[in-house]
Amino acid sequence: LFFSFIGSFFIGFMTFREPYLLSLDLAVFYIGIISAWSRFAWRWFSHLIWRISKRFTLSQLMVFEMFFFALYFVSVALFPNIYFVGVILALGLGYMYAREPIVSQHIIMQLPDQSYKSTVLSMKSQLWMLLGVVTPLLLWYLVWLDVFLGQYRDGIALWWLLLFVLLGASWLLRRWKQRRL
C-alpha cells in the first residue's frame, strides 16, 4: 500500500507534468529531454540500489522515501526553476523505477507459500494502477486552481498519507507478532 501510494502520486503528477512544465515557459522539445534524463537516472540508480538495499532495511528505505517523495513534490512547487525542476523530475522518476525490483523481492521473500508469488505481485501492480487512476481525479481540482500550489499540496498530502500507512503497518505488525508469540 505504501509503495502504491507513491506510484499513484507519480502517475497523478505525470498527468499534469506537461502543463506544469509549459507554465514554466519550457519548450515542448525539452520535456522529452527530461524524460530521457529520467531513463539515465533510472540506469544509474539501478546500479546503486542493490548496494543501498544491502546497507539499509526496507523499513529504513520507507522512512527515507516518505520524506524524499514529499520533498520532491514540495520542491517542484517551491523552486520553479526550469533546470532545477528538470533534474528533480529525472532523479525522482529514476529512483522510483530503480527501487521497484527491491520492493518486489522483499514482498516475495515475505510470503509463507512461494506458489502465490505471481498473484501477490499482480495484486500489487493492480493496486498501483487503481490508485493511479483515482489519484489524478482527486488531484485535478488542486492542480486546476494553481499548478504550483497543487504540487505543494500534493507533497504535503503524500507525506501525511505515507506517515499514516507507515504507522498503521508498524502497529499491525506489532500486534501480529504479539499474537504469534
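Cut-offs used in this document
Residues numbered from 1 in each chain as written. Predicted model: local features only at pLDDT ≥ 70, side-chain atom pairs only at ≥ 80, totals over all residues. Heavy atoms only, no water. Helix = DSSP H or I, 4+ residues; strand = E, 2+ residues; numbered from the N terminus. Buried < 20%, exposed > 50% of the residue type's maximum accessible area, 1.4 Å probe, protein only. Contact = heavy atoms within 4.5 Å. Areas by Shrake-Rupley, 256 points an atom, 1.4 Å probe, with all protein chains shown as cover. Phe/Tyr/Trp six-rings, centres within 6.5 Å; stacked < 30°, edge-to-face > 60°. 1 Å grid on protein atoms, 1.4 Å probe; cavity = no way out; pocket = protein on both sides within 12 Å on 5 of 7 lines; lining within 4 Å. Points joined across faces, edges and corners; volume = space filled by probe spheres on them. Nonpolar A, V, L, I, M, F, W, Y, C, P; charged D, E, K, R; others polar. Core = buried A, V, L, I, M, F, W, Y, C linked by side-chain atoms within 4.5 Å. Patch = residues over 30% accessible without salt bridge, like charges linked within 9 Å, V, L, I, M, F, W, Y side chains within 5 Å. Salt bridge = Lys/Arg side-chain N within 4 Å of Asp/Glu carboxyl O.

1. Some details on the overall build of the protein
Piece 1. The helix and strand inventory of the protein stands at eight helices and zero strands.
Piece 2. Along the protein, from the amino end to the carboxyl end, the secondary structure elements read α-α-α-α-α-α-α-α.
Piece 3. The proportion of buried residues among the 181 residues of the protein is 41%.
Piece 4. Summarising the internal contacts of the protein: among those between residues at least 6 apart in sequence, 81% fall at separations of at least 24.
Piece 5. Just so you have it, the protein exposes about 11,000 Å², and 70% of that area is on carbon and sulfur atoms.

2. A word on the packing of aromatic side chains
Piece 1. Within this structure, the stated rule accounts for 10 aromatic pairs.
Piece 2. Considering the side-chain rings of F45 and Y95, the 5.6 Å spacing of their centres and the 80 degrees angle between planes classify their relative orientation as edge-to-face. A residue pair is termed long-range when its members are at least 10 positions apart, and F45 in helix α3 (residues 28-55) and Y95 in helix α5 (residues 82-98) qualify at 50 residues. For the pair F45 and Y95, one class covers both residues: buried.
Piece 3. Here F64 and F68 contribute two aromatic rings whose centre-to-centre distance is 5.4 Å and whose plane-to-plane angle is 15 degrees, an arrangement assigned as stacked. Taken together, the positions of F64 and F68, both in helix α4 (residues 58-78) and four residues apart, correspond to about one turn of that helix.
Piece 4. Judged by its relative accessible area of 26%, F68 falls in the partly exposed class.

3. Topic: the layout of surface pockets
Piece 1. As a volume, the largest pocket reaches approximately 1,000 Å³.
Piece 2. Looking at the lining of the largest pocket, the elements that each hand over two or more residues are α1 (2-15), α4, α6 (100-110), α7 (117-145) and α8 (147-180).
Piece 3. A total of eight residues in the lining of the largest pocket trace back to one element, the largest contributor, which is α8.
Piece 4. Taken together, the residues of the lining of the largest pocket break down into 17 nonpolar, five polar and two charged.
Piece 5. Lining the second largest pocket we find W50, S53, F56, T57, L58, L61, I102, Q105, H106 and M109.
Piece 6. At the level of secondary structure, the elements contributing two or more residues to the lining of the second largest pocket comprise α3, α4 and α6.
Piece 7. With four residues, the single largest contributor to the lining of the second largest pocket is α6.
Piece 8. Residues belonging to the lining of the second largest pocket are distributed by class as follows: six nonpolar, four polar and no charged.

4. Regarding the nonpolar core
Piece 1. If you look at the biggest cluster of nonpolar residues, it comprises 34 residues, and the most contacted ones within it are F2, I6, F10, F69, M96 and L162.
Piece 2. At the level of secondary structure, the elements contributing two or more residues to this core comprise α1, α3, α4, α5, α6, α7 and α8.
Piece 3. With sequence-adjacent residues up to four places away left out, I6 is seen in contact with E65, F69, M96, R99, L158 and L162.

5. Section: a nonpolar patch on the surface
Piece 1. Taken together, the side chains of W37, F40, W44, V87 and L91 present a nonpolar region at the surface, about 540 Å² in accessible area.
Piece 2. When residues of the nonpolar patch are traced back to their parent elements, those giving at least two are α3 and α5.
Piece 3. Tallying contributions element by element places α3 first for the nonpolar patch, with three residues.
Piece 4. Checked against the element boundaries, F40 lands in helix α3.

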